[in-house]
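Letter by letter, the chains look like this.
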Amino acid sequence: LASGRPVICSAVGDIPKYLQDNVTAFLVEPDRIDLFAERLRYVLSNPHEARRIGIQGRFVAATHFDVVINCQRLLEVFKRLQKNEL
């Protein structure tokens with residue numbers, strides 16, 4: 001995701017909370033190898049669309065999963081805990 005390449009993944013756990021199908025990644029139902037293969041064929045046949053979605057996915061990775069941003073958020077939680085604000 002962080003590389004900006006298009007991602008094909010199963011829509012399990014928290015993944016759908018962060019990624020939107022055909023917007024920031026290609027999501028498929030769990031245990032549906034046929035749908036996964038179909039999406040893979042689509043990505044290979046539509047490189048411009050796949051690139052666009054890969055770039056959008058990279059933005060999600062940078063926004064939600066960046067180590068610096070997450071460390072800052074964690075430090076804020078610790079500061080609030082120290083002040084008994086939680």
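Summary of the structure given here. Every chain's residues receive numbers from 1 upward, in the order its sequence appears when written. pLDDT decides what is reported in this predicted model: residues at 70 or higher carry local features, side-chain atom pairs at 80 or more are listed and counted, and totals for whole chains, interfaces and linings draw on all residues regardless. As a rule here, side-chain values come from all non-hydrogen atoms in the structure, and water together with hydrogens is ignored.

Structurally, glutamate 29 is set in the loop between strand E2 (26-28) and helix H2 (33-45). For the pair glutamate 29 and valine 12, spaced 17 residues apart in sequence, the C-alpha to C-alpha distance is 7.9 Å. Should any heavy atoms of two residues lie within 4.5 Å, those residues are considered in contact. Excluding its chain neighbours within four sequence positions, the residues that come into contact with glutamate 29 are Ser10 and Leu35. Secondary structure elements are defined from DSSP: runs of H or I of at least 4 residues count as helices, runs of E of at least 2 residues count as strands, and each element is numbered from the N terminus.

Quick look at the packing of aromatic side chains now. Aromatic rings from Phe, Tyr and Trp, with only the six-membered ring used for Trp, were paired whenever their centres fell within 6.5 Å, and each pair was classed as stacked if the ring planes differed by under 30 degrees, edge-to-face if by over 60, and tilted otherwise. Under the criterion given, the structure shown has 2 aromatic pairs. Taking 5.1 Å as the distance between ring centres and 55° as the angle between the ring planes, the aromatic pair formed by tyrosine 18 and phenylalanine 65 counts as tilted. Of this pair, tyrosine 18 sits in helix H1 (residues 15-18) while phenylalanine 65 sits in the loop between helix H3 (47-64) and helix H4 (67-82), placing them 47 residues apart in sequence. Judged by relative accessible area, which is 35%, tyrosine 18 ranks as partly exposed. Between buried and exposed lies partly exposed: a residue is buried under 20% and exposed over 50% of the maximum accessible area for its type, with that area taken using a 1.4 Å probe on protein chains only.

Shape descriptors only; they carry no functional weight alone.
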